Amino acid sequence: MSLYAVNKVCYRVVREPEFRRALADSPEEALRAARPPLDEAELTALLAGDVGRLSRMGANHFLLHQLGRFRVLGLDLPTYADRIRAAYR
């Protein structure tokens, strides 16, 4: 597993509006096409919006936060915060 790939997806969400649109239109396809490639555990967690799991796996918190900020993968800021808190209870 390379969490660099997860961090890169989060970075691209901020920097690439076309990538955000692709995530909105066809999230699995967009994530499977991402480079560097995501492994299956990372892909599954991203598709589920499971930022708590990604956090526990070691993904960068600042970058993960951007998923909620930009409302991708079923997340918004309150949902992001709830899922992060739940992972550390």
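From a predicted model like this one, the values you see are computed outputs, not experimental measurements.

Parameters and conventions
- Residues numbered from 1 in each chain as written.
- Predicted model: local features only at pLDDT ≥ 70, side-chain atom pairs only at ≥ 80, totals over all residues.
- Heavy atoms only, no water.
- Helix = DSSP H or I, 4+ residues; strand = E, 2+ residues; numbered from the N terminus.
- Rg over C-alpha atoms; globule rule 2.2 N^0.38 Å.
- Buried < 20%, exposed > 50% of the residue type's maximum accessible area, 1.4 Å probe, protein only.
- Contact = heavy atoms within 4.5 Å.
- Phe/Tyr/Trp six-rings, centres within 6.5 Å; stacked < 30°, edge-to-face > 60°.
- Lys NZ or Arg CZ within 6 Å of the ring centre and 35° of its normal.
- Salt bridge = Lys/Arg side-chain N within 4 Å of Asp/Glu carboxyl O.

Chemist: Outline the overall build of the protein, listing residues and values.
Modeler: Across its full length, the protein carries seven helices and zero strands. Reading the helices (α) and strands (β) of the protein from amino to carboxyl end gives α-α-α-α-α-α-α. Its C-alpha atoms give the protein a radius of gyration of 12 Å, within 12% of the compact-globule value 12 Å for 89 residues. Principal axes of the C-alpha set define a box for the protein whose edges measure 35 × 25 × 20 Å. Taken across its 89 residues, the protein has 39% of its residues classed as buried. When contacts within the protein are restricted to residue pairs at least 6 apart in sequence, those whose partners lie at least 24 apart make up 56%.

Chemist: Hey, could you go over the environment of Pro-17 for me, with residue numbers and the actual values?
Modeler: One can find Pro-17 in helix α2 (residues 17-25). In sequence terms Pro-17 and Phe-70 are 53 residues apart; their C-alpha atoms lie 10.0 Å from each other.

Chemist: I'd like a description of the packing of aromatic side chains, backed by residues and values.
Modeler: To describe a pair of aromatic rings, one takes the distance between the centres and the angle between the planes. Using the criterion set out here, one finds zero aromatic pairs in the structure. Seen from the ring of Phe-19, Arg-12 lies directly overhead, with NZ or CZ sitting 4.0 Å from the centre. The aromatic ring of Tyr-88 is capped on one face by Arg-56, whose charged end is 4.5 Å from the ring centroid.

Chemist: Break down the pattern of salt bridges for me, with residues and values.
Modeler: Applying the stated criterion across every chain yields a total of four salt bridges. Note that Arg-12 is salt-bridged to Glu-16, the shortest N-O span being 2.9 Å. Judged by relative accessible area, Arg-12 falls into the buried class, the value being 17%. Residue Glu-28 is joined to Arg-32 by a salt bridge in which the shortest nitrogen-to-oxygen separation is 2.9 Å. Separated by four residues within a single helix, Glu-28 and Arg-32 lie in helix α3 (residues 27-33), roughly one turn from each other. A single network of salt bridges, built from pairs that share partners, joins Glu-28, Arg-32 and Glu-40.

No statement about biological role is implied by the geometric values presented.
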